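Residue-level listing of the chains:
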Amino acid sequence: MSRIDQQGDWVWIKPPSNGEFDIPTGCKIVRTDRGRTLVCDDNDHEYWIPSDQVLKGMHLTSQRGVEDMITLGDLHEHAILRNLHLRYKKREIYTYIGSMLVAINPYEILPIYTKTQVTQYQGKKIGDVPPHIFAIGDNAYQDLKREQKDQCIVISGESGAGKTESTKLILQYLAAISGKHSWIEQQIIDANPILEAFGNAKTKSRIVHQNKGERNYHIFYAMLAGMSREEKKKLELEDAPKYQYLTGGQTLTCDGRNDASEFVDIKAAMKVLSFSDDDIWNILRLLGAILHLGNLKYKGVVVQNLDTTEVNDPVNSARVATLLGVQKSLLIDSLTRKTITAQGEKVVSSLSKEAAHNARDAFVKAIYGRIFVRIVDQINKTLYKAQMKQRISIGVLDIFGFENFDVNSFEQLCINYANENLQQFFVKHIFKMEQEDYTREGINWQHIEFVDNQEILDMIGMKPMNLMSLIDEESKFPKGTDMTMLAKLQSTHDSKTIYLKSKYDQSKAFGIQHFAGAVYYSVPGFLEKNRDSFSADLREMIDKSSNQFLCDLFNQENGIVDMNRRHMTLSSQFRTSLDALMRTLGVCQPSFVRCIKPNELKKSNLFDRDLCVRQLRYSGMMETARIRRAGYPIRHTYKEFVERYRILGVGIPPAHKTDCRVASKKICERILNNVGEDYQFGHTKIFLKDSHDLLLEEKRTTVYLRYAKICLKLSKLKLFCKIFL
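Reading the values: the criteria
Per chain, residue numbering runs from 1 following the sequence as it is written. Totals for whole chains, interfaces and linings use every residue, but because this is a predicted model, local features are given only for residues with pLDDT of at least 70 and side-chain atom pairs only at 80 or more, for both listing and counting. No hydrogens and no water enter the side-chain calculation; it runs on all heavy atoms of the structure. Secondary structure counts use DSSP, requiring at least four H or I residues in a row for a helix and at least two E residues in a row for a strand, with both numbered from the N terminus. Each domain's limits were defined by an automated method or a database of domain assignments. Pairs of residues are marked as contacts when any of their non-hydrogen atoms sit within 4.5 Å. Summed over both partners, the accessible area lost on bringing two parts together, with a 1.4 Å probe, is the buried area. Here a salt bridge means any side-chain nitrogen of Lys or Arg lying within 4 Å of a carboxyl oxygen belonging to Asp or Glu. The rule is simple: take the accessible area with a 1.4 Å probe, protein chains only, and divide by the maximum for that residue type; under 20% is buried, over 50% is exposed, in between is partly exposed. The criterion is simple. A nonpolar core is a set of buried Ala, Val, Leu, Ile, Met, Phe, Trp, Tyr and Cys residues joined through side-chain atoms within 4.5 Å. Only protein atoms enter the 1 Å grid used here. Points where a 1.4 Å probe fits but cannot escape make up a cavity, open sets with protein on both sides within 12 Å along at least five of seven lines make up a pocket, and a residue lines them when an atom lies within 4 Å of a point. Grid points are joined across faces, edges and corners, and a volume is the space filled by probe spheres set on the points.

A. Up close: the environment of isoleucine 443. Its place among the elements puts isoleucine 443 in the loop between α15 (410-441) and α16 (454-462). Through-space distance from the C-alpha of isoleucine 443 to that of asparagine 200 is 46 Å; in sequence the pair is 243 residues apart.

Below, the structure is given as structure tokens:
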């Protein structure tokens, strides 16, 4: 049906193309002219469009913007995006969607984190004051005291979205309102830059390889930029461009980071957390060894028709041997040979060049992983006070977001599986909130269903013959390869719609239809990464090392549990840790903070619609809209409903002169009785389906069109009278 819009009306218009992240845009009607409509968008750009590109009128709540998007009358993703854009333009970077906070990185310093704001938000309920990260912290703190129940604040988002800063602000706020800024609170805050430096890369990259545009872990760049000349000389280190492990992504800097000054901050934070000077130096010494290991030059040779490897690099091999505290000859032998014990006898074989590279990389990952564990253990040891009888707590989880790169591998599968688990946790919480809203309004909601992502979780890691278990199984077969693993995955799961077979027969990849979209995983290297082991020769070499710190890192595994872990695949370790995390979250009262970066350039006042839509989908936030649409997505207060649709009734007075609930029922009985789907009347709002909204808008347009024709006739009659009478 053709529609007519009045000048000044706010409407939704179709996107100009059908791209993956193209969604309707909100615009204001400037004027119409012979099948064309001049519109003005939220960036104040005016342009003509065909009138049939106008989809429908905009709900009043979307026109003016809201602090809590759960109150948007028309809760669709285009309404969520526009609301965030409107507020971002006013430097209102925080917006609620229920109890979840959306935080858009402003890429500028805003004066909204002072003592004044701390006082403003202390003891206030969410909704009593404007949205703010402090409100999330205070709400968790008040719930902790009132309900005596553990709280968790889940902070997620892409790299550059502001997760780390949000975590820091939450911790600072909790420290401020606890009554005193104690030493342990300072230690908690100082743990953050350490964990970020050792645990974060620009994106979640591997230590031995980075995709284009990625950096390795921040600590490497920080130490090379911040160490003194004497310190670098002791470790025989140069600048970052000299190291293979740091240049794979062709990116040495990270916008917004000053590596040299951050190194000073990291060392200071480590001192606060009881790391001794020797501890810090021993860690730096091993990091230096890792960089030199990455530069080792290998040469493949054939001896008696067997592939073997030589290390023709006396300089780097000597550096590594010195830093690891081992003999150079033992190091070279351990890196190029493999010893297997069979029937009580040792059999030594040479490694091919590729196998030697893999052995070296596995060794490096083992060293770095144990350094990180030691750092976390030291932080926990410092923070834990035996005399503290802590029964309840607030946990802050800063977690990596959903990932989909040009090339995705085993790491991305693990990361995205974790996000699928968190997504289900989030969806269940949102559905519970919807149920509570229906209950408050007296709406029957028992028949409302929604689809969660359980099928995806089952396929990846929960049900028998899941992807992870099949990968594990193939990892344990001596003759298992990445391609035999792929064949097994496809033969088991090919019939599932969420399992995506590669479009090309020769492709070494498989895909999964995740909640956030389709992701294809390249299988080369899957099994080697999953085995997560390095050779017994290197392990034996460590036992002979004079570097006591290195020996301690590997000998801390002597417990029974740790010995078992040594034989666990990486996916098994990951799932065990993830299960423990989800159990912990499951007994907590959750709060969610979704961090969004508005553009890739890290500029203020720049809002990239496509980028933001992608993040909204990847964050799972659109599930709020999907769950709402499973029930009654369109909601009006009775006053709003009467003001917009009273022209569709008979003898309906203006909203301020009538009982709006009664008037709304009369309008619905007249217009919606023949619509198959039901609508419901709550205590303060009317609950509608999309079909009701479409019909009401069409009827409203018809009435306005009739009025317009009458007005046109009257204006022509008036003109006729003026000319001829």
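Now that the structure is up, let's keep going.
B. Main features of the domain arrangement of the protein chain. Under the domain assignment, the protein chain is made up of domain 1 (410-532 + 576-585) and domain 2 (634-724). Using only C-alpha atoms to locate each centre, domain 1 and domain 2 end up separated by 47 Å. At the interface, 9 residues of domain 1 touch 9 residues of domain 2. Here domain 1 and domain 2 share an interface that buries about 710 Å² over both sides, 41% of which is from carbon and sulfur atoms. Between domain 1 and domain 2 we count 3 salt bridges in total.

C. Region of the structure containing the pattern of salt bridges. Using the criterion set out here, one finds 38 salt bridges in the structure. Here aspartate 333 and arginine 337 are joined by a salt bridge, their closest N and O atoms 3.8 Å apart. A relative accessible area of 32% means that aspartate 333 is categorised as partly exposed. A single salt-bridge network, built from bridges that share partners, covers Glu434, Asp437, Arg440, Arg635 and Lys685.

D. The nonpolar core, seen in detail. Ile80, Leu413, Phe510, Ile512 and Phe526 are the most contacted members of the largest nonpolar core, which totals 71 residues. Of all the elements, α15 adds the most residues to this core, at 12 residues. Beyond its immediate sequence surroundings of up to four residues, leucine 413 is in contact with Ile460, Met468, Ile471, Phe510, Ile512, Tyr521 and Phe526. Membership of the second largest hydrophobic core comes to 65 residues, among which are Met270, Leu293, Val364 and Ile371.

E. The arrangement of empty space enclosed by the protein in detail. Taken as a whole and judged by the stated rule, the model has 5 cavities of 30 Å³ or more. By volume, the largest cavity amounts to about 210 Å³. If you trace the largest cavity, you find 19 residues lining it, with Ser156, Gly401, Asn419, Tyr618 and Ser619 closest to the centre. Elements represented by at least two residues in the lining of the largest cavity include exactly β8 (151-157), α15, β17 (589-596) and α24 (609-618).

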